[in-house]
Amino acid sequence: SIHKDLEEKIARFHQREDAILYASCFDANAGIFEALLTPEDAVLSDELNHASIIDGIRLCKANKYRYKHMDMQDLEAKLQDAQKHRLRLVATDGAFSMDGDIAPLREICQLAEKYNALVFIDECHATGFLGPNGRGTDELLGVMDKVTIINSTLGKALGGAAGGYTTGPKPLIDLLRQRSRPYLFSNSLPPAVVGCFTHPLVLPIRFRSKMTAAGFTISGKDHPICPVMLGDARLAAVMAEDMLNRGIYVIGFSYPVVPKGKARIRVQISAVHSDEDIDRCVEAFTEVGRKHGALP
């Protein structure tokens, strides 16, 4: 009963008809494309979509198109080519986890309407803090009525540490309950996790503004995923290690996780951080940056 209650709350929160719970959003992404799409259909995916979307698309038999990151001209060209298929689904992260940038959903939805396509967004890095009510990028950009399917997580801003879901039209959710393999052949979400559903807020603006003032380049905009762009893989690794030695846990990313020449340290700001935590982190970044030549 608590699972059904949570599904109803999620659907109501996103202003959708129904929702279905999974053990994780990775499972939700693994289960939707194969259940929804046939060899007669097409899926068009942003090239920087999350690995779980990529894996989910690999499992389905639809015709696969990959468009350049947030490139609407390329997406339109591929939508034109995909007109020969029965159904077209545009799949994108709402907020991209490595760069912290936000998909141009208005333009995506306009193209989808023009070429009679459905829109799917992964909102794991947006649910709970983007948009006036925290509903995500579709609310932020005013296209809640244009996005057909939302997959997201309970394990980030919503505070449950695990769990994922799909929300959208009731016929789709009914289909997933019958045909989504991660739902059918896995245990349901643990009751303790269901009980942890909360709505903490995150405030990355302080960190971004102070880091920028210190001379760092921060990718994305107004998002709690704050990639400190360094370019050099070794520099990202040694700086992250030096930060850990100062008691601050941040992760260096380089190729093949991100493109060559785009190495960065990814910082994630959360509701448990205080202003003092953020200021101490910026101070440590400044010291370490100067030590290793990332700052003058």
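- The name recorded for the protein in an unreviewed UniProt entry is KBL protein, from Pedionomus torquatus.
- Listed in UniProt under the heading Cofactor (unreviewed entry), the comment for the protein reads: "pyridoxal 5'-phosphate".

**As for the pattern of salt bridges**
Right, on to step 1. Counted under the stated rule, the structure contains 19 salt bridges.
Right, on to step 2. For the salt bridge of K9 with D5, the shortest nitrogen-to-oxygen distance reads 3.6 Å. Taken together, the residues K9 and D5, both in helix α1 (residues 2-14) and four residues apart, mark about one turn of the helix.
Right, on to step 3. Taking the relative accessible area as the measure of exposure, K9 reaches 37% and is therefore partly exposed.
Right, on to step 4. When its relative accessible area of 35% is taken as the criterion, D5 is described as partly exposed.
Right, on to step 5. Across the pair D99 and R264 runs a salt bridge, and its minimum N-O distance is 2.8 Å. Placement of the pair is D99 in the loop between β4 (88-93) and α5 (105-114) and R264 in strand β11 (residues 263-268), with a sequence separation of 165 residues.
Right, on to step 6. We classify D99 as buried; its relative accessible area is 15%.
Right, on to step 7. Here the salt bridges do not stand alone but share partners, grouping R206, K210, D275 and D279 into one network.

**Some points on the environment of L105**
Right, on to step 1. Its location among the elements puts L105 in helix α5.
Right, on to step 2. Sequence-wise, L105 and M70 are 35 residues apart; in three dimensions their C-alpha atoms are separated by 9.4 Å.

**Quick look at the sheet that holds strand β5 (residues 118-122)**
Right, on to step 1. Here seven strands make up an open sheet; going across it, the order is β1-β7-β6-β5-β4-β2-β3 and the pairing mixed. The open sheet has two edge strands with one neighbour each: β1 (18-22) and β3 (63-67). Across the sheet, the axes of successive neighbouring strands diverge by a mean angle of 20°, strand direction being ignored.
Right, on to step 2. With respect to the sheet, helix α2 (residues 25-36) is in contact with β1, β2 (42-46), β4, β5, β6 (149-153) and β7 (164-168), its orientation differing from that of β6 by roughly 155°.
Right, on to step 3. Against the sheet, helix α7 (residues 170-179) makes contact with β1, β6 and β7, and its axis sits at roughly 30° relative to β1, the strand it touches most.

**What to know about a nonpolar patch on the surface**
Right, on to step 1. Residues L244, Y249 and I251 make up a contiguous nonpolar surface patch of about 330 Å² in total accessible area.
Right, on to step 2. Mapping Y249 onto the fold places it in the loop between α11 (233-245) and β10 (251-253).

**With respect to unusual backbone geometry**
Right, on to step 1. Cis geometry marks the peptide bond from Y255 to P256; its omega dihedral reads 10°.
Right, on to step 2. Tracing the backbone shows P256 in the loop between β10 and β11.
Right, on to step 3. Backbone geometry places M70, a non-glycine residue, at a positive phi of 55°.
Right, on to step 4. The topology assignment puts M70 in the loop between β3 and α4 (72-81).

**Examining the pairing of β3**
Right, on to step 1. Here β2 runs beside β3; their pairing, made up of five bridges, is parallel. Pairing of A42 across the sheet is with N63, part of β3.
Right, on to step 2. In terms of handedness, the path from β2 via helix α3 (residues 51-59) over to β3 forms a crossover that is right-handed.

**Some details on the domain arrangement of the protein**
When the parts come together, some accessible area is lost, and that loss is often what is quoted as the size of the interface.
Right, on to step 1. The domain architecture assigned to the protein consists of domain 1 (2-195) and domain 2 (205-292).
Right, on to step 2. Between domain 1 and domain 2, the contact holds 11 residues from the first and 14 residues from the second.
Right, on to step 3. Buried surface at the junction of domain 1 and domain 2, both sides included, amounts to about 890 Å², of which 60% is carbon and sulfur.
Right, on to step 4. Contact with domain 2 buries area across many residues of domain 1, yet M98, D99 and G100 alone supply 57% of it, more than any other trio.
Right, on to step 5. Scanning the region where domain 1 abuts domain 2 turns up four residue pairs in polar contact (both at pLDDT 80 or more).
Right, on to step 6. Each residue belonging to the side of domain 1 that touches domain 2 can be placed in one class, and the counts come to six nonpolar, three polar and two charged.

The rules behind each value
Think of each chain on its own: its residues are numbered from 1, step by step along the sequence as written. Per-residue local features of the predicted model are confined to residues with pLDDT of at least 70, and side-chain atom pairs are confined, for both listing and counting, to 80 or more; whole-chain, interface and lining totals are unaffected and use all residues. To get the side-chain values, all heavy atoms of the structure are used, and hydrogens and water are removed first. UniProt positions are given in the numbering used here, feature names are shortened, and annotations may be inferred rather than shown by experiment. By salt bridge we mean one thing: a side-chain nitrogen of Lys or Arg within 4 Å of a carboxyl oxygen of Asp or Glu. Each helix is a run of H or I in the DSSP string that is no shorter than four residues. Each strand is a run of E no shorter than two, and both are numbered from the N terminus. Note on classification: 1.4 Å probe, protein chains only; a residue is buried when its accessible area is under 20% of the maximum for its type, exposed when over 50%, partly exposed between these limits. A pair of strands is treated as paired once DSSP finds two or more bridges between them. Each axis is a line fitted through C-alpha atoms, taken for helices only over the stretch in contact, and angles between the N-to-C directions span 0 to 180 degrees. Only heavy atoms matter for contacts: two residues are in contact if any of them lie within 4.5 Å across the pair. For patches, a residue must show more than 30% relative accessible area and have no salt bridge; joins then use 9 Å for like charges and 5 Å for nonpolar side chains, namely Val, Leu, Ile, Met, Phe, Trp and Tyr. Computed by Shrake-Rupley with a 1.4 Å probe, the accessible areas treat only the displayed protein chains as cover when residues are assessed. With the strands pointing away from the viewer, any crossover whose connection runs clockwise from the first strand over the helix to the second is right-handed. Marked domain ranges trace back to an automatic or database domain assignment. Buried area is a sum: the accessible area each of two parts loses on coming together, probed at 1.4 Å, counted once for each and added. The term polar contact refers here to a pair of N or O atoms within 3.5 Å; inside protein, the definition further demands a hydrogen-donor-capable atom paired with an acceptor-capable atom, and it admits residues adjacent in sequence only when both atoms are side-chain atoms. Following the grouping adopted for this structure description, the nonpolar residues are Ala, Val, Leu, Ile, Met, Phe, Trp, Tyr, Cys and Pro, the charged ones are Asp, Glu, Lys and Arg, and the polar ones are all others, Gly among them.

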